[in-house]
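Listed below, chain by chain, are the residues.
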Amino acid sequence: MGYEPLVKKNPLRVLNLAGNDKKMGLIMARAGLGKTALLVQIALDSILRGKRVVHISIGENLEKTKLWYDDMLEIILQECSVAKPHELIDMVQRHRMIMSFKESAFNRARLEERLNDLILQDIFKPDCVVIDGFDFTNMDHENLEDINSLMESLRLQTWFSATSHREDDRVSPSGVPAPCHELDDLFETVVLLKSEQEHVQLEIIRHNSDVCSDDSYHLILDPATMMVKKDD
Amino acid sequence: MNKDLDKVRNIGISAHIDSGKTTLTERILYYTQRIHAIHEVRGKDGVGATMDSMELEKERGITIQSAATYCSWKDIDVNIIDTPGHVDFTVEVERALRVLDGAVLILCSVGGVQSQSITVDRQMTRYNVPRIAFINKCDRTGANPERVVGQLRDKLNLNAVMIQLPIGLESELEGMVDLVTMKAIYFDGDQGDDIRYDEIPDNLKDDAEEKREELLDAVSMFSEELMEAMLEEEEIPVELIQAAIRKGTLDLELAPVMIGSAYKNKGVQPLLDAVEMYLPCPTDVENTALDLDNDEEENKVSNNPDDPLVALAFKLEDGRYGQLTYVRTYQGTLKKGETIYNTRTGKKVKVGRLVRMHSNEMEEIEEAGSGDIVGLFGVDCASGDTFCDSKINWSMSSMHVPAPVISLAITPIDNKAQDNMSKALNRFSKEDPTFKTFVDHETSETIISGMGELHLEVYIERMKREYKAEVEVGAPRVAYREAITQHADFNYTHKKQTGGSGQFGRVGGYMEPLEEEEYEFVDQIVGGVIPREYIPSCDKGFQASMEKGMLIGAPITGVRCLINDGSYHAVDSSDMAFQQAAKGAFKEGYKKAGPVIMEPIMKVAVEGPSEFQGAIMGSLNQRRGMIVGTSEEGSYTVVEADMPLSEMFGYSTTLRSLTQGKAEFTMEFSTYKQVPKSVSEELVKEYEESRKNG
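All of these numbers come straight from a predicted model, not from anything done at the bench.

**A word on the overall build of chain B**
Right, on to step 1. A count of helices and strands for chain B gives 16 helices and 38 strands.
Right, on to step 2. In chain B, buried positions account for 49% of the 694 residues.
Right, on to step 3. The contacts of chain B with a sequence gap of at least 6 include a subset with a gap of at least 24, amounting to 71%.

**Describing the overall build of chain A**
Right, on to step 1. The secondary structure content of chain A amounts to six helices and nine strands.
Right, on to step 2. The buried share of chain A, reckoned over its 232 residues, is 41%.
Right, on to step 3. For chain A, the share of sequence-separated contacts (at least 6 apart) that also reach a separation of at least 24 residues comes to 72%.

**Here we look at the interface of chain A and chain B**
Right, on to step 1. Taken together, the contact pairs 15 residues of chain A with 17 residues of chain B.
Right, on to step 2. Counting residues per element, the ones that place at least two in the side of chain A that touches chain B are helix H4 (85-94) and strand E3 (96-101) of chain A.
Right, on to step 3. With five residues, the top contributor of residues to the side of chain A that touches chain B is E3 of chain A.
Right, on to step 4. Residue composition of the side of chain A that touches chain B, by class: seven nonpolar, five polar and three charged.

**Things to note about helix H6 (residues 205-220) of chain B**
Right, on to step 1. Relative to the 22 Å expected for 16 residues at 1.5 Å per residue, H6 of chain B spans 22 Å between its end C-alpha atoms, a close match to the ideal helical length.
Right, on to step 2. Residues of H6 of chain B that are buried make contact with strand E6 (160-162), strand E7 (164-167), strand E8 (175-178), helix H7 (224-231) and helix H8 (238-250) of chain B.

**Details of the sheet that holds strand E31 (residues 488-496) of chain B**
All names here are of chain B.
Right, on to step 1. One open sheet holds the four strands; their spatial order is E31-E32-E34-E33, and the pairing between them is mixed. The sheet is open, and its two borders are formed by E31 and strand E33 (519-523), each paired with just one other strand. The average undirected angle you get between the axes of adjacent strands in this sheet is 25 degrees.
Right, on to step 2. Sheet topology note: the E31/strand E32 (residues 503-513) ladder contains nine bridges and is antiparallel. Note on E32: the bridge partner recorded for aspartate 489 is tyrosine 510.
Right, on to step 3. Together, E32, E33 and strand E34 (559-567) form the strand contacts of helix H12 (residues 535-546), whose direction differs from that of E33 by roughly 155 degrees.

**A word on the nonpolar core**
Right, on to step 1. Of all hydrophobic cores here, the largest spans 132 residues; its most connected members are Leu26, Ile27 and Val130 of chain A.
Right, on to step 2. With nine residues, helix H2 (residues 35-48) of chain A is the single largest residue contributor to this core.
Right, on to step 3. Setting aside anything within four residues of it in sequence, one finds leucine 26 of chain A in contact with Phe160, Ala162, Cys180, Phe187 and Val190 of chain A.
Right, on to step 4. In this structure, Tyr30, Ala96, Leu152 and Met357 of chain B belong to the second largest nonpolar core, which totals 107 residues.

**As for the environment of leucine 29 of chain B**
Residue and element names in this part refer to chain B.
Right, on to step 1. Its location among the elements puts leucine 29 in helix H1 (residues 21-31).
Right, on to step 2. Owing to 22 C-beta atoms within 10 Å, leucine 29 belongs among the buried residues under this scheme.
Right, on to step 3. Separated by 41 residues in the primary sequence, leucine 29 and tyrosine 70 have C-alpha atoms spaced 8.6 Å apart.

**What about the sheet that holds strand E10 (residues 194-198) of chain B?**
Residue and element names in this part refer to chain B.
Right, on to step 1. Here we have four strands laid out as an open sheet, ordered E7-E8-E9-E10, and antiparallel in their pairing. Since the sheet does not close on itself, it has two edges, and those belong to E7 and E10, each with one partner. The sheet shows a mean angle of 30 degrees between the axes of neighbouring strands, direction not considered.
Right, on to step 2. The pairing of E8 with strand E9 (residues 183-188) spans four bridges and is antiparallel. Bridging across to E9, glycine 175 finds its partner in tyrosine 186.

**Brief notes about unusual backbone geometry**
Right, on to step 1. At the junction of alanine 178 of chain A and proline 179 of chain A, the peptide bond is cis and its omega measures out at 10 degrees in the coordinates.
Right, on to step 2. One non-glycine residue, leucine 252 of chain B, lies in the positive phi region at around 65 degrees.
Right, on to step 3. The exposure class of leucine 252 of chain B is partly exposed, given the 15 C-beta atoms found within 10 Å.
Right, on to step 4. Within the chain, lysine 468 of chain B stands out as a residue other than glycine whose phi angle is a positive 50 degrees.
Right, on to step 5. Considering the arrangement of structural elements, one finds lysine 468 of chain B in the loop between helix H11 (453-467) and strand E28 (471-473).

**Considering the packing of H2 of chain A against helix H3 (residues 62-79) of chain A**
All names here are of chain A.
Right, on to step 1. At a minimum axis separation of 10 Å, H2 and H3 run at an interaxial angle of 70 degrees. The angle between H2 and H3 falls in the class roughly perpendicular. Classified by chirality, the crossing of H3 by H2 is right-handed. For the pair formed by H2 and H3, the contact residues are Thr36, Ala37, Val40, Gln41 and Leu44 on the first element and Trp68, Tyr69, Met72, Leu73 and Ile76 on the second.
Right, on to step 2. Residue classes in the contact of H2 with H3 are distributed as eight nonpolar, two polar and no charged.

**Considering the packing of H1 of chain B against helix H9 (residues 268-278) of chain B**
All names here are of chain B.
Right, on to step 1. Following both chains from N to C, one finds H1 and H9 inclined at 85 degrees, their axes separated by 10 Å at the closest point. Classified by the angle their axes make, H1 and H9 are roughly perpendicular. Of the residues in H9, those touching H1 at Leu24, Arg27, Ile28 and Tyr31 are Val268, Gln269 and Leu272.
Right, on to step 2. Here the residues of the contact of H1 with H9 sort into five nonpolar, one polar and one charged.

**Digging into the confidence of the model for chain B**
Residues and elements named next belong to chain B.
Right, on to step 1. Predicted confidence across chain B gives a mean pLDDT of 83, with 89% of residues reaching 70 or more.
Right, on to step 2. Note on residues 42-48: pLDDT under 50 across the span, and seven contacts to partners over four residues away in sequence or across chains.
Right, on to step 3. Confidence drops under pLDDT 50 across residues 56-66; counting only partners more than four residues distant or on other chains, this segment forms 36 contacts.
Right, on to step 4. Reported for the predicted complex are a pTM of 0.64 and an ipTM of 0.87.

**Quick word on the environment of glutamate 253 of chain B**
Right, on to step 1. Tracing the chain through its elements places glutamate 253 of chain B in the loop between H8 and strand E11 (255-259).
Right, on to step 2. With residues near it in sequence (within four places) discarded, glutamate 253 of chain B still touches Asn159 and Gly248 of chain B.

What counts and what doesn't
Residues numbered from 1 in each chain as written. Chains lettered and ligands numbered in written order. Predicted model: local features only at pLDDT ≥ 70, side-chain atom pairs only at ≥ 80, totals over all residues. Helix = DSSP H or I, 4+ residues; strand = E, 2+ residues; numbered from the N terminus. Buried ≥ 20, exposed ≤ 12 C-beta atoms within 10 Å, placed from the backbone. Contact = placed C-beta atoms within 7 Å. Nonpolar A, V, L, I, M, F, W, Y, C, P; charged D, E, K, R; others polar. Expected span 1.5 Å × (residues − 1). Pairing = 2+ DSSP bridges. Axes fitted to C-alpha atoms, helices over the stretch in contact; angles between N-to-C directions. Core = buried A, V, L, I, M, F, W, Y, C linked by C-beta atoms within 7 Å. Parallel < 35°, antiparallel > 145°, perpendicular 65-115°, else oblique. Left-handed = near helix turned anticlockwise from the far one by under 90°. pLDDT = per-residue confidence, 0-100.

Following this line, the structure appears as structure tokens:
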């Protein structure tokens, strides 16, 4: 594609996480720390490598989701300019499909139906799906397994975001907070965003299904752009 | 007319087609005693609603032109601009919005926020128009005002808050609870003329209390006094709540929601009260004009009737007594018999007749103060012109006018039709800046162009009905363009020696693609290799070449032509010779500059039941569309896509049969994009064949 240099600052690229394996990943943080921004980064990273992404936005409208992409792309272009930015913008649009759902309108059956609509009619063949705003509070192990096998059967890499809450201190043995503390074995990768004084810290607490405790799995991000901070 | 501007409201009524806008306007006119009987849009009595003054509108049951009408409610004067609901007439909506101070957004309680409401609302946001929402048709089966409020929040991002609660719904709609005064309102009498205020029915009391709390929570942020009163749990004065709602509405941070059924005569009078209470008067809104004598510096208009006049012509109509021009005054006073000055043309005109419009009927007046909307007769001008008195030279900021994207060839059937057609075309293009007409010199056909199929269809109908001009209509054509994709040099010598004085000129330089702008000419000639007087000739030659591209004869856009070399002959060089040389140079460069064909891309939103989402996406995909995304809300879904206009002909029929008539779509011009190679080859082939044949 020739856009690879653009994504070198993507936090996940630095950690060499966004592999080609069709497994599920999870980003967790408290409200307002940048889960959506990071998901959009993951999506853009895939797109810039020529892959197609379905972005599922639950409880957020289409217009706002589009804005996220416009904003993140603008940041990337500021960091690293390209000769024909409109071609890049066009490319991103062609490799991205946004589906927004009202909370009550989203479920596994609907997800399967929509993805099949796209794939069987040859409208859009995604490689990766990011799901923002999924409600994990009412999700049990069996149901998530079911979604996992759906995504595996469609050969799709899937990233979720989940909100943790200050007042809920339940944690899995590997350090995954509620509401996902009993679901962590289903995720290949779990990333935690934490707020430090002037930056956001990205911690990988699970990778290739292994628990990570090493400091090399920590990164400092600029909260305004969710890019890796230059100084560090 | 009131001199006191606090008592003036210039409002628009805009909405989705079929949400009952015209019926509501009709009721307003009835209750304000402007008309004495109520007619329906598709009236059985053959009279039709008063605002739909054009025959065609009556027949189709849609409102095409935004007629302005005046009425008075209690002690306020209201000018109502009725705006069309179909997206092809967006310019009319936009022009109406330009002169409005506030608006009522009408929604159907069953259909809710549909894609057209989204387009209209986006335009209102663009022009900073404060609005109140009226959820109409609450008597219909399936009415669900709460769902519509949810959509106002989700889809339009409005801070929508109900200020009324329905008493009964569907066929049982009896009236409503006013959550500000906490009174029930009923509408007695055959036409709902007698308003009866009563206690809230027992079964609704709890619900009303709860909703009132929600209302107070939402509006308390606009008034500290109100917030304090709430904290101290005092009895809250009604005026305080009203003031807070007004402040929130004017700041565009709140959209009060009212409910009713215009058809069943319920809720119209309270809506008029709300127009008075919550929508702005002319002095609440800041409008600016550009000072043409001072480098287009922005000036705030004063609204002061004693200042020099500034008035905007926003709408033209051909009436029985000649051209009727709707104007809005922003400052100063427009007086009968005075001379005013058109700042675009520099012409002076005398104000002959000044009228206040009530749809088809009119009332002669002597003067119109600032903030007013009136009609002028016998003033020659175009829509969008500004009038001043001779003291100042201001222009109201230019209006956003999109370029036409579709065209049709029309041929009059006989000589009489020919005459009438040119009269009609002249009128339409003056009235509507998005409607263009010209004669194709090669085919001698008259071409009309506009914003969509329906837009042009309506004008063809109007030609037939109002001007008795029957025309044959060709197939619709998309307004393609040509553009270049890369830098290319040129160096061309034009030389002709045919006895007598010859022609000589050489032009050298390059062309390159230009984003944003249509054309730019750069002169870098040094040392007089092309004499100064022939530089404009080169510019002219290039511009002439841009009119017709070499691929399919479409206009070329986005080119920078730079000249930096050339030569001339003392005797044989001339204006004409350099124009020819530039044309030759352009042709030479164009071939090397990677020319491509560009086509209009439309932003399309298809809305229908969720079960058809797959089918809808499939149909868009087949038509070379790029699906941007979908939004699903319960049982229905909206698919947004960027579609080439050329693929959208006949889409409404396809969509109807795909979805059992349950889905609909709107379309709006978005941008021009390069056509894919296969399509481009097809177009070039077609063009070449048509040239061979004719």
